[in-house]
Every structure is written in structure tokens, then in C-alpha cells.
Amino acid sequence: MRFRTFRAAAVGIAVAALVLTACSGGPPRPAAPTGGGPLTIGMPNGPQTNNSNPFLTTSSARSLGYAYAIYEPLAQVNAVRPADKPTPWLASEWAWNPEYTSLSITARDGVTWSDGKPFTAEDIAYSFQIRKDNKALNADALPFGDIVTAGNKVTVTFSSGQFVNQNKVIDDFMVPKHIWSAFANPATELNQQPVGTGPYTLKSWTPQAVILTPRQGYWGGQPQVPELRYTSYNDNNALTNALVSGQAQWGWTFIADFERVYIAPDPANNHFVAPTGLSVDALFLNHEKAPFNNVAVRKALDMVINRQDVSTLATAGAFKPLTNVTGLPEPAGKDFIAAPFAGKGYNVDVEGAKKVLADAGYTLDGAVLKDPAGAPVEFTLVDPAGWSDYLTTLQLIADAVKPLGMNAKVETMTTEAWTNAVNQGNFQATLHWTNGGSTPWDMYSNMFDGAQYRAIGESATWNFGRFRDDESTKAFETYATSSDPAAREAALATLQKTFVEKVPAIAIIARPNAAEYSTKNYVGWPSDQDLYSSPQPTGIQASMILMKLRPAGS
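On a predicted model such as this, the values are computed, not experimentally measured, just so you know.

A. Geometry of the overall build of the protein chain. Scanning the protein chain from N- to C-terminus turns up 16 helices and 23 strands. At 24 Å, the protein chain has a C-alpha radius of gyration in line with the 24 Å of a compact globule built from 554 residues. Structurally, the protein chain occupies a C-alpha span of about 80 × 60 × 45 Å along its principal axes. A burial count over the protein chain gives 55% of its 554 residues as buried. Partitioning the intrachain contacts of the protein chain with sequence separation of at least 6 by distance along the chain shows that 68% fall at a separation of at least 24. For the protein chain, the computed accessible surface area is about 22000 Å², with 50% contributed by carbon and sulfur atoms. Seen as two clouds, the 42 positive and the 49 negative side-chain charges of the protein chain have centres 4 Å apart.

In C-alpha cells:
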């Protein structure tokens, strides 16, 4: 079997340009703790139940984030710098075959579970097998084939090429076979005594606080934070108050006017970091309903949206405006922008939008724009009630189209009703997020992949606007499955051309991986100057961040 391999002697050492994966390295090995006190991590997620199942997004372990101080991945993927090579973690090396249908993984030596048993290749194989055997645990719907071990190596095969999912595979957390194989139903297991390879273990669980302490014998050295206190606050305001007062020192909640409310009380120590990955908030337009079944209307709408206003007025500057017409957030997406669109930015152009409409046969009747059949151009923008940043954005869009003679109104629904309407295609326009990934495939596929097309009335998972275009559908398939880098590059250029010229959806603003944290007691956090990972406390990168923290002033 042919494999394309990436290897390195240690983290940070330069590697050859033709390699794909990494080896060796791992978390830094600091000296024993010298102070700093407990670290309180807060989330605004309300009451929790005693559930430490790392597979379940609804468990307290995932909701508060402590799952990832206990359970670790094969490699640490930098979600906000997707072009960076992953950092080896529980795998010392790995390699894909050229077709991305087979992955060879080598288990790191010297790793133990928190109950003292050794971490082995059998645990890696089991961690994938449990996902293969339990659809509810296979969050990325990976098409697993055979999973085979030989000594300290595991070979995992897939029924289709996984180029766009390669980082999702190695970013999966591992679980101990000797524990999880005894559970009758892993999808419902409460797992109240979690055993992992991570730097911390669960000391106590109460509805008020979940306390973790450093484990002895962690393969990466001794953590310098002597205690983690995970706390669930009732709402955004409660967590905001805790962060401002210093009661919590790490968390994530949207704080309108964060500069005044959070930074100003302690500008030397309070930090808000919001780097972007490869995901956006996009205006999904229904291609099977007027007026967005005409590309001229879609283009004109795209041309009059002021993305800087959205950033400033809807998110208080917390979310950054998109700057390239491909919709790719920068700098994360810079290396993926096709040559024809490099340096081409968004500009508000009302007169240009009017010309696009006039050239397509639209006319002004007084202050009312009419389509070629004589019908007024009007539409409804909808999102859930209470989503203030989204609703402010929709109102800015409604105001932006008035000079064109379009009449747009903003309406709200319950979250449940909105979800059903969007999935079924019963809307005209709505603001919705996309997923991110290590390539732009996820973002674009969510918006307009024809393979995701469902007729009106059928439930769609993505491509809510029901866009269909044979050329771009083929390009999505090629980018996801081809082993030829040139073919993938050409396919991505095709997708960007479709996005710019046919406007299947309108990318509005970058979705950040945001967090608030204090440097009063600890330093070493991801920052704008050193974005070694996403700063959020609830991601799988938590063990990496925790191992980089050290007492302030040490």
C-alpha cells in the first residue's frame, strides 16, 4: 500500500514540502506548579446533570468543556490556522495513502490512562470502531471500513476519499477500550467516573462546580494549574458579570460593547480574542421562490450589503467583516483564494446594483422595483426571536435594499419553527451559520452543494437555498475525493467562480472562535500574537492550552 507521509523530529522543526502528516512532539513539559491558584472556567449554559460522556454534545462534560481536559485527540488541529500542520499528540506519526482512503497511525509510547493502564494501538482501533458501530457517536458521519491493528500501529480504511475530512479523523478523541467496551449503550452512558489520557482527572461533580485536579504521571509533564473549576452560569449576563469581577477567568459568551463592559475594567488583564477559522454567517436565499430565483436580484443584494456596518452595529466589532469576494475569512482562508479573486474585496455599490437589475429587465415604478413581469420585488428576512445580532443584521440588509426599490421586512419565529421552516425550504431569506473545517469545502458545501439538494417540503441538512448547478456539484465531489492536488485546486477555483458569479448564498461575516480570559493569574493563552490554537474553553484543544499555561510573573 502506498502512503504519503509527514514526519518531524519535534514540534516546530521544519519539514519537507511534500509531506502530509506529523510525528513526535507533544505538549511542553513544564516544571512543577509554582502558584497561580485555581482556574475557574465558565459557560452560560444553565443547569447541568451529572453526565461526563464525551461523545454527547448535551453532556455536562461537553457543555462546560472539561471533557477535553480528560480526553485527548491523536493530533491537535489548529482550527483558526487550518493551513498549519497538526501537532502530534496521542499519535507519534500517521500517514494517508494518496487516495485518502487508508490511514496508518502509530500510537505514542509511554502514555497511560488515568487509571494507570497503558494506552495502546488497541485503544485507537476501538475508539474508531465504537464510532463505526454506533451511528449516534459518529458525529462526522465518517464512512469507516476495516480497522486493523499490528503491534503499535493501526490502519483505518474508508469507503471513499477523506481529503476534506483528514483533520477530523486525527482530531477525534480517544477512549479506553477496557472501560468503554463494558458499557451496554455508549450513547446513553453517563460515564460519571471518566478515565482519560489527559492532564486532569475529575475530583468532584456538583451542580455548582465541577472540579478537576492534575493527574500524576501525565505523559506530557506536570500541569501548572493546580485546580480547574468548571462552572455553569444561568445566562450570558451572569457569566459576563463573573468574567468582569474576576470570579471566572476563562469562558465564552457574547458581550455586546465588550470593550467598555469587559476590557475597560481591567485592560491589563482582561482579554477578548476572536480569531476566525473557515466558517461564516451567510444569508441563505431560496432559489425556488421569487425574487431569489433570479441571479440579478441575488447579485444586486450582495452588492449593497455593508459588511463593516454588520460587524460594528450587530456584533460591536466582535465578529470581523469578510474582506474577499470568495467569502473566505482571512487570514485563515488566504491560502485557498483562487488567483482570479486574490485581492478582490467587497465594496458597497448601489449604482452598480441598479445597473445589474436594469440590464436584467427590472424597472423602477416610482420608488418601487418591479421584475420583468411587472411584479413588485419584495421579500421577508427571518430568524429566531431573541437572536439580537442576527436580527440587527437582517434589519441592516432590509435597509440596504431600499435605495434599489426593493421592499424587505424582518420577521421572527421560535427557534423550533425557524429550524423546521429552513429545513423544509419554507422561507425566502435567512441568516444561518456554516461549519468550518481544514479546507473551504465544509463552508461552501453547507451553502450550495448540489449533493445536499432536497425538494421543497423535504428536510435538507444543508444547502437550505436549494441551489443546483451540475458543474459545481461535480467540483465538490472532485475536491473531496481526488488524489490529484492539481485537480483539487481546479475544483476549488470552480467553486469560488460559482460563488462569486451565481451567488448561491451571500457570505456576510466571519464566525470567530472566541473567548474571554484573564492574564492576572495565568499567562500562555492563545493570543492575536500567538494563535497556536482556538482560544475557546470547550474545544478539543483544551489540553494543549492548559499545558501551556503558567503562573503570571513566574
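Back to the write-up after that little detour.
B. Expanded view of the environment of R511. Relative to the elements of secondary structure, R511 occurs in strand β20 (residues 505-512). Residue classification places R511 among the partly exposed residues on the basis of a relative accessible area of 28%. Separated by 293 residues in sequence, R511 and Y218 place their C-alpha atoms 34 Å apart. Setting aside residues up to four positions removed in sequence, R511 forms contacts with T276, G277, S279, V280, D281, Y390, W433 and T434. Within the structure, R511 has its side chain in polar contact with the side chain of D281 (distance 2.7 Å).

C. Up close: unusual backbone geometry. With an omega dihedral of 5 degrees, the bond running from A290 to P291 counts as a cis peptide bond. Not every positive phi belongs to a glycine, and N191 is a case in point at roughly 50 degrees. In this fold, N191 is placed in the loop between α5 (177-180) and β9 (200-205). The phi angle at A316 is positive, at roughly 55 degrees, despite the residue not being glycine. With respect to the element layout, A316 can be found in the loop between α9 (307-315) and α10 (350-359).

D. Expanded view of the sheet that holds β20. With mixed pairing, 5 strands are arranged side by side in an open sheet as β18-β17-β19-β14-β20. Only two strands of the sheet have a single neighbouring strand rather than two, namely β18 (407-413) and β20. The average angle at which neighbouring strand axes cross in this sheet is 25 degrees, direction not considered. Here strand β17 (residues 378-384) pairs with strand β19 (residues 429-433) via 2 bridges, running parallel. Its bridge partner lying in β19, V382 is registered against T430. The strands that helix α13 (residues 441-448) touches are β14 (276-285) and β20; relative to β14, the one it contacts most, it runs at about 10 degrees.

E. View of the sheet that holds strand β13 (residues 270-273). Reading across the sheet, the 7 strands line up as β9-β10-β11-β2-β12-β21-β13 and stay open at both edges, with mixed pairing between neighbours. Since the sheet does not close on itself, it has two edges, and those belong to β9 and β13, each with one partner. By the bridge criterion, 2 bridges tie strand β2 (residues 39-43) to strand β12 (residues 250-251) in an arrangement that is parallel. Counterpart to G42 in the pairing with β12 is G251.

F. A look at the packing of α13 against helix α14 (residues 470-481). Packing of α13 against α14 brings their axes to within 11 Å, and their N-to-C directions diverge by 150 degrees. Classified by the angle their axes make, α13 and α14 are roughly antiparallel. With respect to the hand of their crossing, α13 and α14 are arranged in left-handed fashion. Together, W441, Y444, S445 and F448 of α13 and S472, F476, Y479 and A480 of α14 make up the contact between the two elements. For the contact of α13 with α14, a count of residues per class yields 6 nonpolar, 2 polar and no charged.

G. Representation of the packing of aromatic side chains. Under the criterion given, the structure shown has 33 aromatic pairs. Between F144 and F158, the aromatic rings sit 5.5 Å apart at their centres with planes inclined by 35 degrees, giving tilted as the arrangement. One end of the pair, F144, is in strand β7 (residues 144-150); the other, F158, is in strand β8 (residues 153-158), with 14 residues separating them in the sequence. For the pair shown, F144 and F158 are each scored as buried. Considering the side-chain rings of W441 and F476, the 6.5 Å spacing of their centres and the 85 degrees angle between planes classify their relative orientation as edge-to-face. Placement of the pair is W441 in helix α13 and F476 in helix α14, with a sequence separation of 35 residues. Judged on exposure class, the residue W441 and its partner F476 are both buried.

H. Focus on helix α12 (residues 415-424). Taken residue by residue, α12 has W418, A421, V422 and N423 as its buried positions. Looking at the buried side of α12, the elements it contacts are β17, β18 and β19.

I. Summary view of the side chain of N270. Following the sequence through the fold, N270 ends up in strand β13. Here Y262 takes part through its backbone oxygen, which lies 2.9 Å from a polar atom of the side chain of N270. Setting aside residues no more than four positions away along its own chain, N270 makes contact with L243, V244, Y262, I263, Y517 and S518.

J. Molecular detail of the pattern of salt bridges. Counted by the stated rule, this structure contains 17 salt bridges. Between E227 and R229 there is a salt bridge whose closest N-O contact spans 2.5 Å. Residue class for E227 comes out buried when judged on its relative accessible area of 15%. On the basis of relative accessible area, R229 is assigned to the partly exposed category, the value being 35%. With its nearest N and O atoms 2.9 Å apart, the salt bridge here joins K370 to D365. On the basis of relative accessibility, which here comes to 23%, the residue K370 falls in the partly exposed class.

K. Structural detail: the confidence of the model for the protein chain. With 94% of its residues at a pLDDT of 70 or more, the protein chain shows a mean pLDDT of 92. Across residues 31-35, where pLDDT falls below 50, the model places 12 contacts with residues more than four positions away in sequence or in other chains.

The rules behind each value
Residues numbered from 1 in each chain as written. Predicted model: local features only at pLDDT ≥ 70, side-chain atom pairs only at ≥ 80, totals over all residues. Heavy atoms only, no water. Helix = DSSP H or I, 4+ residues; strand = E, 2+ residues; numbered from the N terminus. Rg over C-alpha atoms; globule rule 2.2 N^0.38 Å. Buried < 20%, exposed > 50% of the residue type's maximum accessible area, 1.4 Å probe, protein only. Contact = heavy atoms within 4.5 Å. Areas by Shrake-Rupley, 256 points an atom, 1.4 Å probe, with all protein chains shown as cover. Lys, Arg positive; Asp, Glu negative; His and termini not counted. Charge placed at Lys NZ, Arg CZ, Asp CG, Glu CD. Polar contact = N/O pair within 3.5 Å; in protein donor to acceptor, adjacent residues only side chain to side chain. Pairing = 2+ DSSP bridges. Axes fitted to C-alpha atoms, helices over the stretch in contact; angles between N-to-C directions. Parallel < 35°, antiparallel > 145°, perpendicular 65-115°, else oblique. Left-handed = near helix turned anticlockwise from the far one by under 90°. Nonpolar A, V, L, I, M, F, W, Y, C, P; charged D, E, K, R; others polar. Phe/Tyr/Trp six-rings, centres within 6.5 Å; stacked < 30°, edge-to-face > 60°. Salt bridge = Lys/Arg side-chain N within 4 Å of Asp/Glu carboxyl O. pLDDT = per-residue confidence, 0-100.

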